[in-house]
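# Structural overview for review
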Amino acid sequence: MKIALATDWFAPRQGGIETQLVGLARGLGARGHQVDVITATPGARDDTYFRVRMVRSGSVPGLDLAMSPRLPAELRA
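Predicted, not measured: the structure shown is a model, and the values here were computed from it. (Residues numbered from 1 in each chain as written. Predicted model: local features only at pLDDT ≥ 70, side-chain atom pairs only at ≥ 80, totals over all residues. Heavy atoms only, no water.)

## A few points about the overall build of the chain
Short version of the rule: Helix and strand definitions here come from DSSP, where helices need a minimum of 4 consecutive H or I residues and strands a minimum of 2 consecutive E residues; each element is numbered from the N-terminal end. Summary of the burial criterion: residues with accessible area below 20% of their type's maximum are buried, those above 50% are exposed, and those between are partly exposed, where the area comes from a 1.4 Å probe applied to protein chains only. By definition, residues are in contact when any of their heavy atoms lie within 4.5 Å.
The number of helices and strands found in the chain is two helices and five strands. Starting at the N terminus and walking to the C terminus, you meet the elements of the chain as β-α-β-β-β-β-α. For the chain, the residues scored as buried account for 30% of the 77 residues in total. Of all intrachain contacts in the chain linking residues separated by at least 6 positions in sequence, the fraction that spans at least 24 positions is 42%.

Rendered as structure tokens:
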């Protein structure tokens, strides 16, 4: 099955949601699913069990939140 996980925060950021999403992506990939993680997190890298698809975006200064008017089109692509 093809699965896409779309998230604004992902590893290498460290925190609860990032840890949970890496575990989810690895677990699904280990079960034979094709997993793509769609994120704007700088430094996110492919893993044995999932592929990272970067979304180019700016960020809100001081908050480290992704923002992009192109985001809907990039997600559709």
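## Quick look at the side chain of Asp-36
Put simply, the rule is: Polar contact is defined as a pair of N or O atoms within 3.5 Å, subject to the rule that within protein one atom must be able to donate a hydrogen and the other to accept it, and that residues adjacent in sequence are counted only when both atoms are side-chain atoms.
Here Asp-36 is to be found in strand β2 (residues 34-39). At 3.0 Å, the side chain of Asp-36 and the side chain of Arg-51 are in polar contact. Residues within four places of Asp-36 in sequence aside, it is in contact with Ile-3, Ala-4, Leu-5, Arg-51 and Arg-53.

## Let's talk about the pattern of salt bridges
Note the threshold: Here, a salt bridge means any side-chain nitrogen of Lys or Arg that lies within 4 Å of a carboxyl oxygen of Asp or Glu.
Overall, the coordinates contain four salt bridges when judged by the stated rule. Of the charged contacts in the structure, one is a salt bridge between Arg-26 and Asp-47, with a shortest N-O distance of 3.0 Å. Taken as a pair, Arg-26 in helix α1 (residues 16-30) and Asp-47 in the loop between β2 and β3 (51-54) lie far apart in primary sequence, 21 residues in all. The exposure class of Asp-47 is partly exposed, given its relative accessible area of 23%. Measuring nitrogen to oxygen at the nearest pair gives 3.9 Å for the salt bridge that ties Arg-53 to Asp-36. Of this pair, Arg-53 sits in strand β3 while Asp-36 sits in strand β2, and the two are 17 residues apart along the sequence. On the basis of relative accessible area, Arg-53 is assigned to the partly exposed category, the value being 39%. Judged by relative accessible area, which is 14%, Asp-36 ranks as buried.

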